[in-house]
Structure formats: structure tokens, C-alpha cells
Amino acid sequence: MHSICLIPGDGIGQEVVPAARRLLEATGLPIEFRTVEAGWGTFTTQGTSVPDATLAAVRAADATLAGAFTSPSKRVEGHQGAIRYMRRTLDLFSNLRPARSRPVPGSRDGIDMLMVRENTEGLYVEKERRYGDVAIADAVVTKRASERIAKVALEQAMRRRKRLAVVHKANVLPLTSGLFLDTVMSMAKEYPEVETYDIIVDAAAMKLVRDPESFDVLVSTNLFGDILSDLMAGLTGGLGLAPSANVGEKYAVFEPVHGSAPDIAGKGIANPTATFLTAAMLLDHIGEREAARRIERAVDTVLTQGELTPDLGGRATTESLTDAVIEALD
Ligand code: NAI
Ligand code: MG
């Protein structure tokens, strides 16, 4: 029996996570689900975005599937973004964000790449201060975190096409971005089979748009990885299709790349595909590889049939798409 913790969270998280649960149940795997709370809604009622009981449930489960968490763009006293808090507290140091061509309008052909994003430091240490009209943010880069994310990226590259792009801005930030670059490059010497090369982040953005087929694995610091992975999602059908995994040594929290999408929340039209593909990554993590492939095949079958939600130009609903994917499970 597998134990999976579910955290729907905010906005469309409340729609796509229950849809993924239905799909996981339809696989017939022995899974015990436990649903717990986190996010902005939880903060407004309980004064914390991630209650201790939620952290305990994540720790107790084999893996966690989360939806999305709203973060206001203004500082709110006492509030910490739920996913960032979990990444740091549970030491989920790697964020894996694959982008692969999908059979939908708007997806480019020939793309199969993976962003490995450092998930605990950089500018996301959330150390900001303001002195009158001047505001300052700290970015933290450590050799230890750079080494362990380098290892994850190199191991992933070994299992793929053995090419690794190290995305950085060491020309402007030689101490922080430079430490990251140097650390990954020296770690890469232990993986001579992997062709490791460096690329400055702005050039990487352009090359991703013009020549995405040339990329295999990319590794970067937190902010660059966050931004470029949305760009990568945009090349392959958009946020409605982009899965991700936050993985540490002990715990793993899987979540779609997208956020809580307040513009469409509650309308029943959120695309659950990103969460389905995220659930497939979760199944891989707990060793259920065959079921993971079944989900991916069912998703591709349904997308090929043109069963599309409005974000992809169709008229399917979260529910009708979920029904179709369950129907297509082989
Ligand atoms: P977003 O990803 O929520 O939405 C961006 C656009 O993509 C919107 O037009 C939305 O309707 C569309 N979209 C996203 N997912 C979709 C789906 N599954 N189906 C159909 N359309 C979809 O990003 P946004 O609007 O910048 O942020 C909204 C909130 O989400 C903010 O509070 C932000 O902090 C939070 N957020 C949370 C994340 C997380 O929990 N990991 C990641 C990104 C944003
Ligand atoms: Mg993001």
C-alpha cells in the first residue's frame, strides 16, 4: 500500500488535485490518500500557510501531490509562501521541470528537455529590506547546495542524452553566480561522459526560443530556473501541461508548474493535464513506473483526439477531460 498526501491548496489547486486523485484511483494501484491543508486560504483562517499537521502528513507519506498556492504580491506580516516554506523546511533541494513536445496546437516539435532548478537558495531566501526609497534583496549561493544540485543534474543527464547546460550570470555576479558555475563545472569532471557547457542566462533564453531541440538537461539557480521553466512550458503547450517535482533526500512534493490561476478558478475549466503528468512523476518516484507510463499514454491519446480545455483553444472542462483520460487508460 502506498501512502500519498494530497494538498489541493488555493484556486484551481482545489480542482486539479481532486481530478488527479480520480485518475490515480482509476489506475487500480493500492494507494491510501490523506488530504491536508496549506496555502493562502489556510493562512487567512489559521494564521499559518503550512500548519504543523500538514508538514507531519508530508513527512509521513511516501510522496505528496500539491496543487497551487496563492502568494500576494505585497508583503503580509507573518505570511510565508507555502511551497517555498515546504521546500526549505523539508529540504526539497531539487526542482525537476521536464518540457516535452505534446500533441496540442502551440507545442513545438522535437523538444525533450529538463530544467533542474536549485530550490532552496538564491534570491528565494526571501531576505529583503527597505530603507526609504531603496530596497535590497540578498541572494545566497553555497558550495554545498550547488554541489548537490549539480549531482542531480549530472545523474539526470547520464540517463538522458548526456548534455548539460549550466545557466548562469557569472559575468555580472561573479561571486554568487560564479560560485554556482564553478562548483557545477568542477563536479562535472566526475562525469566525463556528460558534455557540460555553460551559457549565460539571457543567451539561454534566446536559444531556448530559437533552438529548443538542442537542449537536454539545464541546471540553474532558483530564480533563473523558475523563469526559464515557464518559458520551456510555453514552448510545449503552456502551463496547463507542465509538471514538476520537488525532491530532497527524504521527502518529495510533486506539483504542477502553474499557480492558483485566480482568473479561471471556480469555473471548472482548469486544465488538469499538468497535474496528471505530475502524478505520473510521483508514480515514477514511488516505483510505479508502468502506471506512470499508462497515465502519460492516456494523456497523449486524449490530447491527440482534440479533447482540449480553453487554455488550448478547446471547450473541454476539467471534469470532461478527466473522464476522457480515465477512459483512455489501458
Ligand atoms: P498562474 O500559473 O496561476 O496563471 C498564469 C496564467 O496561466 C493564467 O492566465 C492562468 O489562467 C493560466 N493557467 C495556469 N494554469 C492553468 C491551467 N492548469 N489550466 C488553464 N490555464 C492555466 O500564475 P499567476 O497568475 O502569475 O499567479 C497566480 C497566483 O499563483 C499567485 O498568487 C502566485 O503567487 C501563485 N503561484 C503559485 C505557484 C505555486 O504554487 N508553485 C507557482 C506560480 C504562481
Ligand atoms: Mg514559477
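Our subject in this report is the structure included herewith.

Reading the values: rules and limits
- Residues numbered from 1 in each chain as written.
- Chains lettered and ligands numbered in written order.
- Predicted model: local features only at pLDDT ≥ 70, side-chain atom pairs only at ≥ 80, totals over all residues.
- Heavy atoms only, no water.
- 1 Å grid on protein atoms, 1.4 Å probe; cavity = no way out; pocket = protein on both sides within 12 Å on 5 of 7 lines; lining within 4 Å.
- Points joined across faces, edges and corners; volume = space filled by probe spheres on them.
- Helix = DSSP H or I, 4+ residues; strand = E, 2+ residues; numbered from the N terminus.
- Nonpolar A, V, L, I, M, F, W, Y, C, P; charged D, E, K, R; others polar.
- Domains from an automatic or database assignment.
- Pairing = 2+ DSSP bridges.
- Axes fitted to C-alpha atoms, helices over the stretch in contact; angles between N-to-C directions.
- Contact = heavy atoms within 4.5 Å.

### Quick look at the layout of surface pockets
Piece 1. In this structure, the largest pocket encloses a volume near 1200 Å³.
Piece 2. At the level of secondary structure, the elements contributing two or more residues to the lining of the largest pocket comprise β3 (63-68), α4 (82-89) and α8 (222-235).
Piece 3. If you tally residues by element for the lining of the largest pocket, the top one is α4, at 5 residues.
Piece 4. For the lining of the largest pocket, the class distribution of residues is 13 nonpolar, 11 polar and 13 charged.
Piece 5. Shared between two domains, the lining of the largest pocket holds at least three residues of each, these being domain 1 (1-101 + 242-330) and domain 2 (108-113 + 121-235).
Piece 6. In this structure, the second largest pocket spans a volume of roughly 940 Å³.
Piece 7. Listed by contribution, the elements that provide at least two residues to the lining of the second largest pocket are β4 (94-100), α5 (143-159), α8, β11 (245-247), α9 (273-285) and α10 (289-304).
Piece 8. Counted by class, the lining of the second largest pocket contains 18 nonpolar, 6 polar and 13 charged residues.

### Section: the sheet that holds strand β1 (residues 2-9)
Piece 1. Pairing is mixed in the open sheet, where 10 strands are placed in the order β2-β1-β3-β12-β11-β4-β5-β10-β8-β9. Each edge of the open sheet is held by one strand with a lone partner, namely β2 (31-35) and β9 (195-200). Neighbouring strand axes in the sheet, compared pairwise and without regard to direction, differ in orientation by 25 degrees on average.
Piece 2. For β4 and strand β5 (residues 112-118), the ladder comprises 7 bridges, and the chain directions are antiparallel. Each residue of the ladder has a partner; that of Arg-97, found in β5, is Met-115.
Piece 3. This element, helix α1 (residues 13-26), spans β1, β2 and β3 of the sheet and lies at about 160 degrees to β1.
Piece 4. Most of the contacts of helix α7 (residues 201-210) go to β9, to which it runs at about 105 degrees, and overall it touches β5, β8 (163-168), β9 and β10 (217-220).

### Section: empty space enclosed by the protein
Piece 1. What the rule picks out here adds up to 1 cavity of 30 Å³ or more.
Piece 2. Considering only enclosed or pocket space, the largest cavity measures out at about 50 Å³ in volume.
Piece 3. In terms of lining, the largest cavity is formed by Arg-84, Arg-87, Arg-88, Arg-117, Asn-119, Thr-120, Tyr-124 and Asn-222.
Piece 4. Grouping the constituent residues of the lining of the largest cavity by class yields 1 nonpolar, 3 polar and 4 charged.

The quantities given are spatial measurements derived from coordinates; they are silent on function.
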